[in-house]
Amino acid sequence: MKNLRWNNFLFQLVAFLLALAFTSLIMVFAGAPPISAYVEILGGAFGSVNSLANVVVVWMPLLLVTSGLLITFTAGLWNIGIEGQITLGAIFTTAALRLLQESSLPPWLIILLAMLAGVAGGALWAVMAGLLKTFGGVNEIFGGLGLNFVATALTLWLIFGPWKRPGTGSMSGTEPFPDTLWLPQLPGLRLSPWSVIFGAAAIYLVYRLLSGTYFGLRLKAIGKNVRAAFLLGVPAWQHSLLAFALCGFFAGLAGALQVTAVYHRLIPSISSGYGFLGLLVAMLVNYQALWAAPVALFFAALNIGSIQLPIMLNLDSSLSGVLQGMLVLFVLLTEGARKRWLQKNG
Amino acid sequence: MSRKTLWILVSLLLVVAMLGAACQQKKAAGPITFGMLLVGPYNDHGWSQAHYDAGKYVETKLAGSKMIYVDKVNPADRPGTTPAQLAEELVAKGATLVVFNSDDMKDSATEFSKAHPDIKVIMASGDQVWKEGKAYVELPNMINIMGRMEYGKMVAGCAAALTSQTGKIGYLGPLINDETRRLTASAYLGAKYCWTKYLGKDAAALSFKVTWIGFWFNIPGVTSDPTQVADDFFNSGYDVVISGIDTTEAVAEAKKLSAAGQKVWAIPYDYVGSCEEGKEICLGVPYFNWGPAYVKTITSAADGSWKSNWQWNAPDWKDINNLDTSAVGFKKGNALSADAASKVDEFIKELAGGLNLWKGPINLQDGSAYLKDGEVGTDQQVWYLPQLLQGMEGQSVPSK
Amino acid sequence: MNVELRDIHKIFAAVHANNGINLKIPAGVIQGILGENGAGKSTLMKILSGFYQPSQGQILLDDKPVIIRSPADATRQGVGMLHQDPLDFPSMRVIDNFLIGHPGELIPDRGQAAAQLEAIQQKLGFSLRPEAHVDTLTVGERQQLEILRLLWLGVRVLILDEPTTGISALQKEKLFAALRLLAQEGKTIIFVSHKLEDVEVLCHKVAVLRQGRLIGEMLPPFNITRLVEMMFEKVITLGNRRSCCRGEISFRLNALELEDARLHIPGVSLEVQGGEVIGLAGMEGSGQALFLRACAGLVRAVGGHISINEHDLTGKPYHTYLEHGIAYLPAARLEEGLAPGMTLTEHFLLAGEARGFNIDWEQGRKVAQERIADFNIRGTPASPIEALSGGNQQRALLALLKHPLNLILLEHPTRGLDIESSIYIWDKLKERCAEGAVILFISSDLEELLQYSDRLLVFFSGEVSSPLDAERTTVEHLGQFIGGKGWAA
Ligand SMILES: Nc1ncnc2c1ncn2[C@@H]1O[C@H](COP(=O)(O)OP(=O)(O)OP(=O)(O)O)[C@@H](O)[C@H]1O
Ligand SMILES: [Mg+2]
């Protein structure tokens, strides 16, 4: 067992180095200095308290999304609809804020209600994917893609239609909320301590849920073999739906944070692609909740650090996307290699 | 301690160790480093490139000045970031002045200016610090700069009207706001003037239609596709398309259709060099020349004479294409016929001589009178045009 | 092809699954491999067919040392294996399954392939429809498909890992005839089994494994007692038939009418007393599996009533059946019974009663340890289920049965178990009877049916016989009845 873990780690390390090597190669071909690029990325992510705070701003919603996805992954579900779930969370939050901002309720209560609405929105969208699967026979991948599409269309319609800024017809976003309706931020930073609390709580809860409860065990059984789980008395579709709902809960919370703590309004790409990024993270950590935090941190740091590339080296920051892609590719490749190696030499 | 926790600790330590290595920051050389946030790619042959080139111009004119920039500053290209946050990155790299180059960054620019009173801010196209404006906020460290592109658009409209054989002009609009309404309306006014005055035709026989894509440039899946919009124009009898967006899809599309034998033309926007992509169909381009204003403003930041103000810079009527003096210009394209070109020149001369098309009677799209007969529009009336004008087709999104 | 294994070792983390095995199998020979559960038979065969690399040792094919890198490599070199649990693609057609793994053009010529399939079928006496979906086939037919596929790929060594559990006597005869034919053609056949009588009639040579070692070989005539002794290090005798004391009538079927895509079972009425064992006999696909699933609440009856201890369960959902102490163990253990990727502890926790919300892993491990000892499973609480040998998986499956139970429904309960374990498991099951449980089980093994049942129901294409008294039925009679003889029109 111990050997196995070491072995696992070794393979991951190899994957990481390979990804780094290949990205460097591409940079060299593009005429860019790889070492300074990496130094810039690192410095850009961790070089100051401010940039560190910005990394955390990305890290927390990503962690929330990943937490949710770990649940659906465990239940053997490919919750591709996660992007839409984040978006719906954001839409519901915005709706609640718009509805209540004129009211006499205290701001903290408005924010709280809006976040609850966001959570409900995410869960609702996830449960839709679940219902489509259990009762409509629609594979959750296709259902999710469809629901993502609808969520985007809904956002655009709201932004360009009913929620447009007075006198303006623009896809850039709705009217920003007054800063009384922002989640409180740390002085001088863009980071809200609440994000950190939610992110940390989410990953801890999911870790506990998956590794220490009967519910988690049942989800795992469904993920490994639905037929067997059912015969052993696990109410399979009910648990699948619940997994969806929980994942949507976290995704919705991430969407709510995007509105109340980051953008303070609804914009077309409100999910910031964290859904797909979260899928990558969940895939990379291979169901192990504890690894989700550092891996998500890595991606968040890459996101923020790569802003330095155009500033300092006149490089396109999509290079960080190349690195991300390479990483995923190589981890999956070495995972395959590892499995084969284990089977033969186990 | 479990092995897992141990590993997490080790990886965290690694990160911290690397931090140290990465921490030494580069201090900028020279007296002033200014940062620029470009909403699109720095080489978009449009709005963002006009700013980028202006920055380069400043570097040559102001010894020791240095530009650093981030381009593609929009939530689709840089998920999870805000302009204010990116401005801070520029400040961290030594910038003491930051240019926010898009209307889309307006809220963020205000937020940033408030949070960083020691950093100078140029908000291009904004009106926050216009005392007589509708959105005034006191921000001592901010200057608004905009060119009077209305003139450029009038000339563009004129060139379009003189060239069109169908009498149908399409306007590829970005998003809808005060700025785009007034620019589109200006193009219409120019077109109508030349159509009736130089060609002697009936104003009612001129159709002028706007289709908005929803943003300054194409964001796949979010905005309408500008190529598609241009194509629809050309294929429904609109033989000239005036572009109001930051990028050059209209030119590319006209070039394609013209190569296939269709008689169509296009007028791009923003950037002096944007006709290059399709010389054979380009009637000319109304462009911004941010350089002179930036040199002046950045100099004032460097020598301490900075004072918050709102600038709406007119062209240099002696020569609107003088890159050292004129804020706005019109560069005629190869596809403009000699006859039309001379009429365009005449029109420019008339404008230089004091012709004002923003003079009543002007009715709004819904038929209500905006400027009475003989009444000359004030800056406020032009800047905050609430609707498109009577005679124009397309969505207005009226502002009360 | 001559096959030779030299000093083969295979070490899994803590288990020495093969320990210095030397074995020569000349071409044209049907080699039997015997051994108790977990002896290392499947491991050895997987090494020969490229699934595993040996930790040490050498394989020679036609006297040349070879390295077999993967199953695909094995078929290229002429070695093919039929696995204990089928590895085909149930949702695809026969012909597509047939084509899978065929090296060659990107776009296979289906017409030609179908013709070749037909030709091989003819020779071996099989009759599969190329357009049928695999999931409509019986286990025996799936086996035939796999054999056809391997032969078409040109294998000259055919390994069969326990091919005779779960297939009918008729299919078994077909299979044996085909194997004999192939051996005559010079193919090498390796036949792994727990059924001594099968080995006896089919094999030219038998090797016995125990705890990873080759204990010895034997040529015909086989001395069965001696073989059993070699396998288990002791003499094993079948216990006497014994019936439990009967209790009240607890399980009742009233004109139960069933239907699926292929079958219609008109109306079965049955009353079973607590402690009774009912054997369900019949060729595969005659309706007994459908019947058993209906009793488990997995298939809804189209008519009639079903009740346990006077509770009417007709039309109730599966979990109500579970609540009333009804348990069902499927034959496809890795597809339906167990969850590969989960450990034994996790399985026991899952099958047991949830105690609160949080799992007490310490307690879970203790329970697992107890069950492992109780059912003599070779594995640890942390063993993932797929690392167990086939027989040990079966024991784990049986160990998952809750306590107490009113009705136990079993499909091939001793599938893959060695003789000793079969006896042991039946002892365990009889204990349940003594506690008042009713057992209904399906088996294709006539001896097992007669040995352990009190009464028998025979199925023949949807028809159900009236209950036969097992004590007064002979193997011959039962065999004929299963084959369709002796049914009143
Ligand atoms: N992948 C694996 N990982 C770890 N241990 C394994 C693995 N496969 C088999 N073993 C162990 O190796 C031993 C031999 O297993 P094998 O499957 O060869 O037995 P077998 O003779 O086929 O038994 P059966 O009759 O029950 O099928 C068993 O103790 C089993 O637990
Ligand atoms: Mg085996």
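To be clear, the structure that these remarks concern was listed above.
Before going into details, it helps to say that this report is about the structure given with it. Being a predicted model, the structure only gives us computed values, none of them experimental.

Okay, the overall build of chain A next. Along the backbone of chain A there are 14 helices and zero strands. The linear arrangement of helices and strands in chain A, starting from the amino end, is α-α-α-α-α-α-α-α-α-α-α-α-α-α. With respect to the principal axes defined by its C-alpha atoms, chain A has extents near 70 × 60 × 30 Å. The proportion of buried residues among the 346 residues of chain A is 58%. Restricting to contacts in chain A with at least 6 residues of sequence separation, those with at least 24 account for 77%. Put simply, chain A shows about 13300 Å² of open surface, and 73% of that area lies on carbon and sulfur atoms.

Each partner contributes residues to the interface: chain A has 23 residues there, and chain C has 38 residues. Buried surface at the junction of chain A and chain C, summed over both partners, amounts to about 2500 Å²; 60% is from carbon and sulfur atoms. The closest approach of N and O atoms between Glu346 of chain C and Lys220 of chain A, which form a salt bridge, is 2.8 Å. Taken together, the links from chain A to chain C amount to eleven residue pairs in polar contact (both at pLDDT 80 or more). If you list the elements that add at least two residues to the side of chain A that touches chain C, you get α7 (193–212), α8 (214–224), α9 (226–231) and α14 (318–345) of chain A. Considering only residue class, the side of chain A that touches chain C consists of nine nonpolar, eight polar and six charged.

Attention now moves to the state of the cysteines. All names here are of chain B. Within this structure, the stated rule accounts for two disulfides over all chains. A disulfide bridge connects Cys158 with Cys194, and the sulfur atoms are separated by 2.1 Å. Classification of the bridge connecting Cys158 and Cys194 rests on its S-S torsion, roughly -100°, and on that basis the disulfide is left-handed. Within this pair, whereas Cys158 is found in helix α5 (residues 149–163), its partner Cys194 is found in helix α6 (residues 178–197), the two being separated by 36 residues in sequence. For the pair formed by Cys158 and Cys194, the shared burial category is buried. The disulfide partner of Cys275 is Cys282, and the S-S distance across this bridge is 1.9 Å.

Taking 1.5 Å of rise per residue, the 20 residues of α6 of chain B would be expected to cover 28 Å, and the 28 Å separating its terminal C-alpha atoms lies within 8% of that figure. For α6 of chain B, the N-terminal cap is Asn177 of chain B; the gap from its side-chain oxygen to the backbone nitrogen of Glu179 of chain B is 3.1 Å.

Where nonpolar side chains cluster on the molecular surface, the patch consists of Leu105, Trp108, Leu112, Leu113 and Leu116 of chain A and spans about 480 Å² of accessible area. Structurally, the position occupied by Leu113 of chain A is in helix α5 (residues 107–136).

Another point: the pattern of salt bridges. Considering all chains together, one arrives at 40 salt bridges over all chains under this definition. Linking Asp107 of chain B and Arg165 of chain A is a salt bridge whose minimum nitrogen-to-oxygen distance equals 3.1 Å. On the criterion of chain membership, the pair formed by Asp107 of chain B in helix α4 (residues 106–115) and Arg165 of chain A in the loop between α6 (140–160) and α7 is interchain, its members lying in two chains. For Arg165 of chain A, a relative accessible area of 18% corresponds to the buried category. Overlapping salt bridges, with partners in common, bring together Arg165 and Glu175 of chain A together with Asp107 of chain B in one network.

Residues and elements named next belong to chain C. Around ligand 1 lies a shell of 20 residues, among which Lys41, Ser42, Thr43, Ser389 and Gly391 are the nearest. Take Ser42: an N or O atom from its side chain is 2.7 Å from an oxygen atom of ligand 1. Contact distances for ligand 1 include 2.6 Å between an oxygen atom and a side-chain N or O atom of Ser389. For ligand 1, whose unbound accessible area comes to 630 Å², protein coverage reaches 87%. Only β2 (15–25), α1 (41–48) and α14 (390–399) provide two or more residues apiece to the shell around ligand 1.

As a further point, take the sheet that holds strand β11 (residues 310–313) of chain B. All names here are of chain B. Strand order in the open sheet made by the six strands is β2-β1-β3-β4-β5-β11, with parallel pairing throughout. In the strand order of this sheet, the two ends are held by β2 (66–70) and β11, each with one partner. Each neighbouring strand pair of the sheet contributes to a mean axis angle of 20°, computed without reference to strand direction. Pairing of strand β1 (residues 33–37) with β2, which is carried by five bridges, proceeds in the parallel orientation. If you follow Thr33 over to β2, its bridge partner there is Lys66. Each of β1, β3 (97–100), β4 (120–124), β5 (142–147) and β11 is contacted by helix α9 (residues 291–303), which is oriented at about 160° to β4, the strand it contacts most.

A few words on the sheet that holds strand β8 (residues 188–192) of chain C. Backbone hydrogen bonds hold the strands of a sheet together, and the pairing may be parallel or antiparallel. Residue and element names in this part refer to chain C. What the six strands build is an open sheet, ordered β6-β7-β8-β3-β9-β10; its pairing is mixed. Unpaired on one side and paired on the other, β6 (79–82) and β10 (213–218) mark the two borders of the sheet. In this sheet, adjacent strand axes meet at a mean angle of 20° when their direction is disregarded. Lying over the sheet, helix α6 (residues 169–184) contacts β3 (30–35), β7 (157–161) and β8, oriented at roughly 145° with respect to β8. Across the sheet, helix α8 (residues 224–232) touches β3, β9 (205–210) and β10, and the angle it forms with β9 is around 30°.

Many structure descriptions define interface size as the accessible area lost when the parts assemble. In this assembly, 51 residues from chain A lie in contact with 45 residues from chain B. Carbon and sulfur atoms make up 61% of the area that chain A and chain B hide from each other, which totals about 4200 Å². Linking chain A to chain B there are two salt bridges. A salt bridge links Glu88 of chain B to Arg190 of chain A, with the nearest nitrogen and oxygen atoms 2.8 Å apart. Mapped onto the side of chain A that touches chain B, the elements with two or more residues apiece are α1 (2–29), α2 (34–46), α3 (49–74), α6, α10 (236–263), α12 (289–305) and α13 (308–313) of chain A. Partitioned by chemical class, the residues of the side of chain A that touches chain B number 25 nonpolar, 19 polar and seven charged.

The relative placement of two packed helices comes down to the angle between their axes together with the axis-to-axis distance. Residue and element names in this part refer to chain A. Contact geometry for helix α4 (residues 82–100) and α5: axes closest at 7 Å, N-to-C directions at 145°. The two elements α4 and α5 meet at a crossing, and its hand is right-handed. Contacts between α4 and α5 pair Gly84, Gln85, Leu88, Gly89, Phe92, Thr93, Ala96, Leu97 and Leu100 from the former with Ile110, Leu113, Ala114, Met115, Ala117, Gly118, Gly121, Gly122, Leu124, Trp125 and Ala126 from the latter.

A few words on the nonpolar core. Within the largest apolar cluster, 122 residues are counted, with the highest numbers of intra-cluster contacts made by Leu37, Phe100, Trp290, Tyr294, Phe347 and Leu389 of chain B. Beyond its immediate stretch of four places on either side in the chain, Phe347 of chain B contacts Met154, Val155, Cys158, Gly190, Tyr193, Cys194, Tyr198, Leu355 and Leu357 of chain B. Among the nonpolar cores identified, the runner-up in size contains 94 residues, and Phe46, Leu69, Leu189 and Ala289 of chain A belong to it.

Once that is clear, we can look at the pairing of strand β13 (residues 277–282) of chain C. Residue and element names in this part refer to chain C. Burial within β13 is extensive, with six of its six residues counted as buried. With burial as the criterion, each face of β13 is covered, one bearing Val277, Gly279 and Ala281 and the other bearing Ile278, Leu280 and Gly282. Bridge count between β13 and strand β18 (residues 438–442): four bridges; the pairing is parallel. Residue pairing in the sheet places Gly279 in a bridge with Phe441 of β18. Relative to strand β19 (residues 455–460), β13 runs parallel, the two being bridged by five bridges. From the neighbouring strand, Ala281 faces β19, where its bridge partner is Val458.

Okay, the arrangement of the chains next. The assembly contains two pairs of chains in contact; the pair sharing the most contacts is chains A and B. A gap remains between chain B and chain C, which never touch, and the nearest two C-alpha atoms on either side lie 16 Å apart.

On to unusual backbone geometry, then. Following Gly360 of chain B, the chain continues to Pro361 of chain B via a peptide bond in cis, the omega torsion being 5°. Locating Pro361 of chain B in the fold gives a position in the loop between α10 (338–352) and β13 (362–363). Backbone torsion omega between Pro220 of chain C and Pro221 of chain C reads 0°, so that peptide bond is classified as cis. Mapped onto the fold, Pro221 of chain C is located in the loop between β10 and α8. Of note, the phi angle at Glu162 of chain C is positive, near 45°, even though the residue is not glycine. Looking at where Glu162 of chain C falls in the secondary structure, it is placed in the loop between β7 and α6.

About the cut-offs
Residues numbered from 1 in each chain as written. Chains lettered and ligands numbered in written order. Predicted model: local features only at pLDDT ≥ 70, side-chain atom pairs only at ≥ 80, totals over all residues. Heavy atoms only, no water. Helix = DSSP H or I, 4+ residues; strand = E, 2+ residues; numbered from the N terminus. Buried < 20%, exposed > 50% of the residue type's maximum accessible area, 1.4 Å probe, protein only. Contact = heavy atoms within 4.5 Å. Areas by Shrake-Rupley, 256 points an atom, 1.4 Å probe, with all protein chains shown as cover. Buried area = accessible area lost by both parts, 1.4 Å probe. Salt bridge = Lys/Arg side-chain N within 4 Å of Asp/Glu carboxyl O. Polar contact = N/O pair within 3.5 Å; in protein donor to acceptor, adjacent residues only side chain to side chain. Nonpolar A, V, L, I, M, F, W, Y, C, P; charged D, E, K, R; others polar. Disulfide = S-S within 2.5 Å. Expected span 1.5 Å × (residues − 1). Patch = residues over 30% accessible without salt bridge, like charges linked within 9 Å, V, L, I, M, F, W, Y side chains within 5 Å. Near = heavy atom within 4 Å. Pairing = 2+ DSSP bridges. Axes fitted to C-alpha atoms, helices over the stretch in contact; angles between N-to-C directions. Left-handed = near helix turned anticlockwise from the far one by under 90°. Core = buried A, V, L, I, M, F, W, Y, C linked by side-chain atoms within 4.5 Å.

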